[in-house]
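Here are the chains, one letter per residue:
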Amino acid sequence: MTGTILLILVAVAVIAYFLGRSRAHALCGGDLSQLHSRPSYHGGFMAIFATVPAFLLVLVWTGLAPGIEDNIVSGSFETQMADMSVPERQAFIRDARSIARGVTYGEPTPAKEAAAELFKSLSTRSATMLSALVAALVFGGGWLAHRRLTPLLRTRHTVERFVMITLVA
């Protein structure tokens with residue numbers, strides 16, 4: 001699911017770039033000397049605002065979601081895991097996650113199957129929430145950037161600063 005979202009973000013960045021460029025041409029009425037920055041910088045400005053916040057959200061989400069899901073499942077199956085050692089608990093969670101993905105080794109126990117169902121439910125909810133938040137960030141950022149574009153806006157400085165920070169990072 002994350003790979004699909006990232007591909008969609010790339011497509012949105014390309015679309016936002018061309019929308020920003022065409023907006024710059026429309027703002028100056030074809031006379032590019034009225035613009036502070038070239039139309040390509042206006043396009044880059046819009047692409048950055050439309051996609052970077054959503055991309056950062058996807059990175060944070062994919063880093064935190066598995067741990068949160070593990071904690072929820074551990075809490076839900078606390079009675080079944082009460083007499084297990086730490087490695088056995090980790091194996092239980094790992095096996096349940098594998099069963100949720102459709103991979104089984106040996107005969108799964110009913111507790112692991114129930115935990116796998118919970119994992120499936122949590123991952124579905126997580127993907128739905130992530131998709132909704134990404135869509136909100138994309139539309140909000142795109143709308144904000146589109147609204148901010150003016151002929152005198154110094155988009156070149158913003159785009160070059162973003163590129164410099166990205167390269168340094």
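Quick notes on the rules
Residues numbered from 1 in each chain as written. Predicted model: local features only at pLDDT ≥ 70, side-chain atom pairs only at ≥ 80, totals over all residues. Heavy atoms only, no water. Helix = DSSP H or I, 4+ residues; strand = E, 2+ residues; numbered from the N terminus. Buried < 20%, exposed > 50% of the residue type's maximum accessible area, 1.4 Å probe, protein only. Contact = heavy atoms within 4.5 Å. Areas by Shrake-Rupley, 256 points an atom, 1.4 Å probe, with all protein chains shown as cover. Lys, Arg positive; Asp, Glu negative; His and termini not counted. Charge placed at Lys NZ, Arg CZ, Asp CG, Glu CD. Expected span 1.5 Å × (residues − 1). Phe/Tyr/Trp six-rings, centres within 6.5 Å; stacked < 30°, edge-to-face > 60°. Patch = residues over 30% accessible without salt bridge, like charges linked within 9 Å, V, L, I, M, F, W, Y side chains within 5 Å. Salt bridge = Lys/Arg side-chain N within 4 Å of Asp/Glu carboxyl O.

What follows concerns the overall build of the protein chain. Secondary structure summary: the protein chain contains five helices and zero strands in total. Put simply, the protein chain runs from its N terminus to its C terminus through helices and strands in the order α-α-α-α-α. In terms of its C-alpha atoms, the protein chain occupies a principal-axis envelope of roughly 75 × 25 × 25 Å. Per-residue burial for the protein chain yields a buried fraction of 30% across its 169 residues. Within the protein chain, counting contacts between residues at least 6 apart in sequence, those at least 24 apart form 73% of the total. Roughly 10300 Å² of accessible area belongs to the protein chain as shown, and the carbon and sulfur atoms make up 65% of that amount. In the protein chain, the 15 positive side-chain charges and the 11 negative ones have mean positions that sit 20 Å from each other.

This part covers the side chain of Thr 155. Mapped onto the fold, Thr 155 is located in helix 5 (residues 155-168). The contacts of Thr 155, once residues within four sequence positions are left out, are Ser 37, Tyr 41, His 42, Phe 45 and Leu 149.

Residue pairs spaced three or four apart in an α-helix point in one direction, given the helix's 3.6 residues per turn. Given a rise of 1.5 Å per residue, 27 residues ought to cover 39 Å, and the 39 Å separating the end C-alpha atoms of helix 1 (residues 2-28) matches this to within 8%. Where helix 1 is concerned, the buried positions are Ile 5, Leu 9, Ala 16, Gly 20, Ala 24 and Cys 28.

Moving on: the packing of aromatic side chains. Scanning the entire structure with this criterion turns up three aromatic pairs. Summarising the aromatic geometry, the rings of Phe 45 and Phe 49 are spaced 4.5 Å apart at their centres and angled 40 degrees between planes, so their arrangement reads as tilted. Placement of both Phe 45 and Phe 49 in helix 2 (residues 39-76) is noted, with a separation of four residues, approximately one turn of the helix. The exposure class of Phe 49 is partly exposed, given its relative accessible area of 21%. Seen from their ring centres, Phe 77 and Phe 92 are 6.1 Å apart, and the 55 degrees between their planes marks the pair as tilted. With Phe 77 in the loop between helix 2 and helix 3 (86-101) and Phe 92 in helix 3, this pair connects stretches of sequence that are 15 residues apart. For Phe 77, a relative accessible area of 8% puts it in the buried group. The exposure class of Phe 92 is buried, given its relative accessible area of 4%.

Moving on to a nonpolar patch on the surface. On the surface, a nonpolar cluster with roughly 350 Å² of combined accessible area is contributed by Val 60, Leu 64, Ile 68 and Ile 72. Within the element layout of this structure, Ile 72 appears in helix 2.

Our focus in this paragraph is the pattern of salt bridges. Using the criterion set out here, one finds six salt bridges in the structure. In this structure, Arg 97 engages Glu 69 in a salt bridge whose closest nitrogen and oxygen atoms are separated by 3.3 Å. Here Arg 97, found in helix 3, pairs with Glu 69, found in helix 2; they are 28 residues apart in sequence, far enough to count as distant. Accessibility classification places Arg 97 together with Glu 69 in one group, the buried group. In this structure, Arg 156 engages Glu 160 in a salt bridge whose closest nitrogen and oxygen atoms are separated by 3.1 Å. With Arg 156 and Glu 160 both in helix 5, this residue pair falls four residues apart, about one helical turn. Residue Arg 156 is classed as partly exposed on the basis of its relative accessible area of 36%.

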